[in-house]
Structure formats: structure tokens, C-alpha cells
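Geometric and topological summary
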Amino acid sequence: MKKIYLSILAVLFLVFSSCSDFLNEKPNGILDDDDISGLDQIEKNVISAYSMLGNDHYDTPFNLWPYGNVRSDDAYKGGRDESDIQAFHFYETSSNIVPTFGEPDALFYNCYIAISRINNAIRVLNSVSENEFEMKNRRLGECRFLRGHFYFLLKTMFKNVPYIDEAVPTDAYGTISNVELTNDESWAKIAADFEFAYKNLPDVQPEIGRANKYAAAAYLAKVYLYKAYRQDEKHNVTSIDTDDLDQVLIYTAAVIGSSYDLAPDFAHNFLPGKNIYENGIEALFSIQFSKDDGTSKGRLNFSDALNVPLNTSGACDFQKPSQNLVNAFKTKNGLPDFNSYNLADYDASTDNADPRLYHTVAMVGYPYKYDLGNIFETGHNRNPGVYGYYSSLKENVKVGDESSVLIDPFRANTKNRIIIRYADVLLMRAEALIELNREGEALPLINEVRMRAKNSIALIPYATNIDMALYANDATWTNSYARTALRWERRLEFAMEGSRFFDLVRWGIADSVLNAYYENEKSKRPYYEGAHFDKNKEEYVPIPQQQINFSKNVYKQNYNY
């Protein structure tokens, strides 16, 4: 992780100067108001805010893979064994979760460092007029988009977090209660940031990587979708708000009417290539990574540095697709086998599959990341006796790719990471329609996503068991069936992208899904023996005790911890 250490250098010659002269000297490495204020500092402050998107670490990743994937039924932790980053093992098994773990504390802290930078940038922007700086509202829109993004991460992780905006001095962050706002009110604050961004950002930005109007619309729809599932203090879903669902429809419609679309091939979203695949037609907002940019290692994707298998140097083999996830890709007459998919484990010689399986999961005997010269082997798995024989593909690149960089003993890459993509817009809209009892309107949206998946076979000629069909517009498409199909589609489309657990919590089914998963998996993975998800508690990560101490107990612990 890139850490910035600020120090005050000794200025020895001042020993012979007067005391008053010494006190008038500005220490090195200290930023005062003049350094972050004024017209010439505005763009630097905004760029500093953007830079926080990549200021994470492999054990405090902003893509939340330990909490969105490993904590769900989609992935095993991986690594050397259960004790390798043991906190992630406890989250995987819903056991021994305590508020003193260092990893979520660091994540909480880093998100508020980002928010602090963003608030600083907003304060500086608010200090000038549009006549002085004509890009004022555009840059404010970008900053509020970024602030909404980091609060979304915090909200889905911890639920009860202090909402701190530019009006709060940095030294007062610990005085704002994390339960001052209700759950609905804090979601509304996040929505307000994205709404401001939507109203003030252009359709197209001249510089790649800056948020635009449609990225804000998509994220705003996502916030309203989460907000719609009203929860009580015990995290029970008590109702689904139709007004919020209507907002989802408004903002997804804005994106669907834009120049964004599904990429022609599902694989294109997960391939490197700055001028080919990255920042493509489906990527509404992406974190930009680079190398050879004047820094020691480059601006690399540290979030996924642990998730490289052993078929290359510098690999730790974390985040391993679960057998349950692989089984979920099986098809029967081209459609998911909702009821019996997990009765027997996937076998390519007898089972048909959704093509997205081959874009998501590295399987023994098949090319790794489409490279016919590099077949994924049993020995490429670090500890198959504990974590099995599958590895994750989406976040990785082929062996020897120019985007890959060894950061001994790990390996990272410069491939952009998409934060929100067009397929999510289609499925969010479909979900809202289904919950509004308009499932007939949701059908073509789900089928649009499935049709793209069905056609995504150009890079996987070795996948000879593909069988993919669309859902029929007939009497079988009931509201209940449509809901099941939508939730299944989200799992397959976004598998290993960090959202599965948060979907389960939003729907209010995390306990039933995960406890059934643990019961089935313990025969394959003995470490699941005794695993149990505690409803009304483990839907969220506990507020880090370190942060409660920092606030002198102003912050309150989440329910049941």
C-alpha cells in the first residue's frame, strides 16, 4: 500500500537564529490553509479526491471482495489456510466476528480519509464564484459523486456510519454520531450527493476517469434501490418503498436513453487494453490504473493483488469461486436449474452451462484467461485440500500480460476496475419493475442481459457444453418466478464482482441462503462445520472498536455486537 508519511525535518542552522524566527518557520510536510485554498489549488484538491479511489491495500480493498464475495455463497477465502488473514476466514464462516479486527477498521478509516479529502475540495470550491472558476459546479458534482461512492461503501458494510460533510471541521469528525440519522435518512443523504452530481455533470467528460451525468444517474438508481428495502434497527426488511422504486425507474431510464450499452461480449468488461476494452461502452464509471507513470510501482490495482493463482510468480490464490457458485451456472434446457442445481457438482462432460462460467471461473484443464498456451492446472491452486480447484478470472489478466506487475511477493495489474456498468442498470430496473408488480416489463431487460451472455462465445471456443436460452413470455413468467430469475441473473452476471452478500442483505434473505449453504458445503469444506449466520446481527460488520474509542463513545455499536 502506498503510505504517505509526513515528517518535520530538523533545521539545524536555526539553532543560531532567534526563537521568534524559528516560530515563524513553516515545518516541512505540513499543509496549512494556504496550501489547499485558492484558485491555483482547486484542481489539485479535486485530483487528490479522485486519487483516493486507488488508495487501498490488499487486506483493506475498496472493491470489498472479502465482504461481498467471500462472505457470501460465491467464494472461499483462499490463501495458505484458514489462518491466512484470519479475520476474512471468520467473515466467511460467520463465526468469531469481533469489533476489534484491524482490517475493517482500516477500511473504515481509509474511507473517511477519502471523505475528508473530498470535503476539503468542496470547501475550496465553495470559496470561489463561478465567475472566478467557471468549472465550479462541474467539479462540485464530481466531488459529490465521489463522496456518495465512499459513503455507499461504508453504508453497505457498516450500515450505521456518521454522515460528515464539508461543514464539519476535520478535527470534529469524532463528534458526529453514527446514529444521528435513521437508516432511511442516511440513504437520503447519499442520494442527495448523487442527485447534485446528476444535475451538474456533463453527458461526456473530456478527460477519461472523471464522473459524468450518466454515472451519477446509475449510482443514484442504485442508492434508491437499496433505500427502497426498508430495515428496522435489527436489520429486518420491513417493507419495500414504491416511491423509491419509482426513482429507480426514473434514473435507470436516463441511462438507458444514453450512449451507453452492453458490451458486445461479456468478456470485454474484464480484459486489459486502455484503447480497446477499458472504458468501453458498458463501463459507466471505472477506477483508472497505470504503470510507468513516475511512481515506483505505478498506480496499480492493489485491491486484487492477493487474488492471483499459482500459475505465475507473485501469487497468493485468495478469493476462490465456491462449488455452489460453479453449480449455479449449470443450465437445463438453456435456463438455470433453480431447484436442483446443487444436488450434484458440476461436470463439464455431463452438464450444460451458461457461457459466463468460462469468463468467471478458472477450471483445471481449460485455458487461463483465454490463453490457449497456458492451461490451468491442478498445481496452480495453492491449497486445494482446503479451498478446491477453482480460481477467479474477472479481476485477473493472462500470465505475462504487459499490464501485470510484480510487487514482490504479490502481483497486481493496471486493468481498470469497473465500479458500475450498464448491465447493472438493466437489472436494477428489472428488479424495481418486479417489486412494483410489473414483471412483464422486466422480462425483456433480463433477456437482454441473457442474450448478450449467450452470444459471448468468441473467446471460449473450448467451451463445448454451452446451452443458453431466454425466458419465455408465457404463463410461467409470474411475479414470483420473475423475482427468482432476476436474483439468479444478478448472481451469474456479477459473480465475484463484490456485490452478492450485499444483495442477499438487501433482499432480507442472507440468513436462509447462507445457513443452507453452510449445511451443504461442510461435507466438501470441513472448516464450515459449526458455521452459522446469526440473523439480526451479521448482516453488517460491527463498528470498529478503534473508531468508537476515537469518538469517545459517541459512535454506537451495531445491533447485537
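Coordinates for the structure precede this section.
So, here's what we can say about the structure. Keep in mind the model is a prediction, meaning the values are calculated, not measured.

Here's the deal with the packing of helix H9 (residues 213-228) against helix H10 (residues 242-256)
- Relative orientation of the contacting elements H9 and H10 amounts to 160°, with a least axis distance of 8 Å. With respect to each other, H9 and H10 are oriented roughly antiparallel. Along this stretch, H9 crosses H10, giving a crossing that reads as left-handed. Along the contact surface, H9 presents Tyr214, Ala217, Ala218, Leu220, Ala221, Tyr224, Leu225, Lys227 and Ala228, while H10 presents Asp244, Leu245, Gln247, Val248, Tyr251, Thr252, Ala254 and Val255.

Some details on the packing of helix H14 (residues 422-435) against helix H15 (residues 439-454)
- Two numbers describe how H14 lies on H15: the axes approach to 8 Å, and their chain directions differ by 155°. Relative to H15, the element H14 is oriented roughly antiparallel. Between H14 and H15 lies a crossing of left-handed hand. The residues of H15 that touch H14, namely those facing Tyr422, Ala423, Leu426, Leu427, Arg429, Ala430, Leu433 and Ile434, are Glu439, Glu441, Ala442, Leu445, Ile446, Glu448, Val449 and Arg452.
- In the contact of H14 with H15, the residues fall into 11 nonpolar, no polar and 5 charged.

Things to note about the sheet that holds strand E6 (residues 330-332)
- Read across the sheet, 3 strands follow the order E7-E6-E8 without closing on themselves; strand pairing throughout is antiparallel. Edge positions in the sheet fall to strand E7 (335-336) and strand E8 (352-353), since each has one partner strand and no second.
- Sheet topology places E6 next to E7; 2 bridges connect them, and they run antiparallel. Each bridged residue has a counterpart across the sheet, and for Thr331 the counterpart in E7 is Pro336.

A word on unusual backbone geometry
- Cis rather than trans, the peptide bond between Asp408 and Pro409 has omega equal to 10°.
- Summarising the element assignment, Pro409 is placed in the loop between strand E13 (404-407) and strand E14 (410-413).
- In this model, His235 sits at a positive phi of 75°, which is unusual for a non-glycine residue.
- Within the element layout of this structure, His235 appears in the loop between strand E2 (229-231) and strand E3 (237-240).
- Here His235 falls in the buried class, since its relative accessible area comes to 2%.

Quick notes on the packing of aromatic side chains
- This model, assessed by the stated rule, comprises 43 aromatic pairs.
- Consider the rings of Phe90 and Phe101, whose centres lie 6.0 Å apart with planes at 15°: the pair is stacked. Pair noted here: Phe90 is in helix H5 (residues 86-93) and Phe101 is in the loop between H5 and helix H6 (102-126), with a separation of 11 residues, a long-range link.
- Of the residues examined, Phe90 reaches a relative accessible area of 13% and is grouped as buried.
- An aromatic cluster of three or more residues is present, and its members are Trp65, Tyr67, Phe88, Phe90, Tyr91, Phe101 and Phe318.
- Here Lys213 stacks its cationic end above the ring of Tyr198, 4.2 Å away from the centre of that ring.
- We note Arg506 situated over the ring of Tyr226; from NZ or CZ to the ring centre the distance is 4.7 Å.

Structural notes on the nonpolar core
- Of all hydrophobic cores here, the largest spans 162 residues; its most connected members are Tyr67, Phe145, Phe150, Leu154, Phe285 and Leu357.
- A per-element tally of this core places H9 first, with 13 residues.
- With sequence-adjacent residues up to four places away left out, Phe150 is seen in contact with Met52, Leu53, Phe62, Cys111, Ala114, Ile115 and Ile118.

Cut-offs and rules
Residues numbered from 1 in each chain as written. Predicted model: local features only at pLDDT ≥ 70, side-chain atom pairs only at ≥ 80, totals over all residues. Heavy atoms only, no water. Axes fitted to C-alpha atoms, helices over the stretch in contact; angles between N-to-C directions. Helix = DSSP H or I, 4+ residues; strand = E, 2+ residues; numbered from the N terminus. Parallel < 35°, antiparallel > 145°, perpendicular 65-115°, else oblique. Left-handed = near helix turned anticlockwise from the far one by under 90°. Contact = heavy atoms within 4.5 Å. Nonpolar A, V, L, I, M, F, W, Y, C, P; charged D, E, K, R; others polar. Pairing = 2+ DSSP bridges. Buried < 20%, exposed > 50% of the residue type's maximum accessible area, 1.4 Å probe, protein only. Phe/Tyr/Trp six-rings, centres within 6.5 Å; stacked < 30°, edge-to-face > 60°. Lys NZ or Arg CZ within 6 Å of the ring centre and 35° of its normal. Core = buried A, V, L, I, M, F, W, Y, C linked by side-chain atoms within 4.5 Å.

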